[in-house]
Amino acid sequence: MRTSPDVRTSFPGATAVSEVSIYDWPGLDGAAGGSPHMHTASTEAYVVQQGTGRLETLDSRGFTSTPLAPGTVVWFTPGTIHRAINDSGDLRVLVVMQNAGLPENGDAVMTFPAEHLVDVDAYSRAASLASKDADAGDADAEAAARRRRDLALEGYLELKAAVLESGVSALAEFHAAAAGLVSVRTEGWRDLLSGGAERQAAVTGQQLDSLGSLESFYLQEARTTMGERKSRRIYGMCGRIQAWEVSETVVAGT
């Protein structure tokens, strides 16, 4: 049984926050960037911190390219295939992810060619990295992350061309394959949802009930918590990820 988070110390809205340095590796089409993918049950947001680039998306509108520059905020819902392109070489974004825990437990599906999407084992072989440590100077780990990115980009460019030629119906097979890959995970995701976003929403409802009845007792339990930055970055899909964890220690008064 999963342990439910303490709503007093959970990040607002049961979201997750991380900093991503978008890969500066040139791809098959000459543009530098990460591994195209989509999330099946979580909305994702970019807050651009530095550099310039583009966010390419395939969704219900077809193909779209959105400019990225410092101060840009853009978000995309489940089913949006997205590719971050690093034009300036130093593109860095703050990522706010809905449903913390789901993306870390297989919510995302990369756009590998169809033969790698036929079942979970085939997908796992293409997606797995022996090491995700992006700060260890491991040439083999970087080479593996590059190969995975290139494979996802190969499938993405095929999907992009199909959408430009035939419209959004060209995404149906990929969407179906993605659903097949994640379907076995959904029961575990329900536990994360009930202990996270659903629980936070329920607590807010209880607080509104208290305020409506002029009861303020819960305000006496207010506290401040500091998020601790992880010491090492990892190879993610879009780039090198620097994440934060919520500390178990509440900030002490002085």
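When helices and strands are counted, the protein shows five helices and 12 strands. A compact globule built from 254 residues should have a C-alpha radius of gyration of about 18 Å, and the protein, at 20 Å, falls within 12% of that. For the C-alpha atoms alone, the extent of the protein along its principal axes is close to 60 × 40 × 35 Å. When the 254 residues of the protein are sorted by exposure, 41% land in the buried category. By sequence separation, contacts in the protein at least 24 residues apart represent 75% of the contacts at least 6 residues apart. As presented, the protein carries roughly 13300 Å² of accessible surface, and 52% of it is formed by carbon and sulfur atoms. Within the protein, one finds 22 positive and 33 negative side-chain charges whose respective centroids are separated by 3 Å.

In the sheet, strand 3 (residues 44-50) pairs with strand 6 (residues 73-76) via four bridges, with the strands oriented antiparallel. When the sheet's bridge partners are listed, Y46 is paired in strand 6 with V74. The pairing of strand 3 with strand 8 (residues 92-97) spans six bridges and is antiparallel. Paired with Q50 across the two strands is R92, which belongs to strand 8.

Glancing now at the packing of aromatic side chains. Tallied over the entire structure, the rule returns six aromatic pairs. Ring geometry for W25 and Y235: centres 6.3 Å apart, planes at 45 degrees, overall tilted. Of the two residues, W25 is situated in the loop between strand 1 (16-22) and strand 2 (37-39) and Y235 in strand 11 (residues 234-235); the sequence distance between them amounts to 210 residues. The residues W25 and Y235 share a single accessibility class, namely buried. Residues F112 and Y123 carry aromatic rings whose centres are separated by 5.3 Å and whose planes lie at 45 degrees to one another, so their mutual orientation is tilted. With F112 in the loop between strand 9 (108-110) and helix 1 (120-127) and Y123 in helix 1, the pair connects residues that are 11 residues apart, well separated along the chain. Since its relative accessible area comes to 3%, F112 is described here as buried. Among the aromatic side chains, those forming a connected cluster through ring pairs are Y23, W25 and Y235.

So, about unusual backbone geometry. You will see that A14, though not glycine, has its phi angle at about 55 degrees, which is positive. Note that A14 resides in the segment before strand 1. A relative accessible area of 11% places A14 in the buried class. Even without a glycine there, the phi angle at N99 is positive, about 60 degrees.

So, about a nonpolar patch on the surface. Together, L208, L211 and L219 make up an exposed nonpolar region whose accessible area comes to about 300 Å². Of note, L211 is situated in helix 5 (residues 197-212).

A word on the side chain of N86. Within the element layout of this structure, N86 appears in strand 7 (residues 81-86). There is a polar contact of 2.8 Å between the side chain of N86 and the backbone nitrogen of G89. Excluding residues that lie within four positions of it along the chain, N86 makes contacts with I22, Y23, D24, A32, G33, T52 and L91.

Parameters at a glance
Residues numbered from 1 in each chain as written. Predicted model: local features only at pLDDT ≥ 70, side-chain atom pairs only at ≥ 80, totals over all residues. Heavy atoms only, no water. Helix = DSSP H or I, 4+ residues; strand = E, 2+ residues; numbered from the N terminus. Rg over C-alpha atoms; globule rule 2.2 N^0.38 Å. Buried < 20%, exposed > 50% of the residue type's maximum accessible area, 1.4 Å probe, protein only. Contact = heavy atoms within 4.5 Å. Areas by Shrake-Rupley, 256 points an atom, 1.4 Å probe, with all protein chains shown as cover. Lys, Arg positive; Asp, Glu negative; His and termini not counted. Charge placed at Lys NZ, Arg CZ, Asp CG, Glu CD. Pairing = 2+ DSSP bridges. Phe/Tyr/Trp six-rings, centres within 6.5 Å; stacked < 30°, edge-to-face > 60°. Patch = residues over 30% accessible without salt bridge, like charges linked within 9 Å, V, L, I, M, F, W, Y side chains within 5 Å. Salt bridge = Lys/Arg side-chain N within 4 Å of Asp/Glu carboxyl O. Polar contact = N/O pair within 3.5 Å; in protein donor to acceptor, adjacent residues only side chain to side chain.

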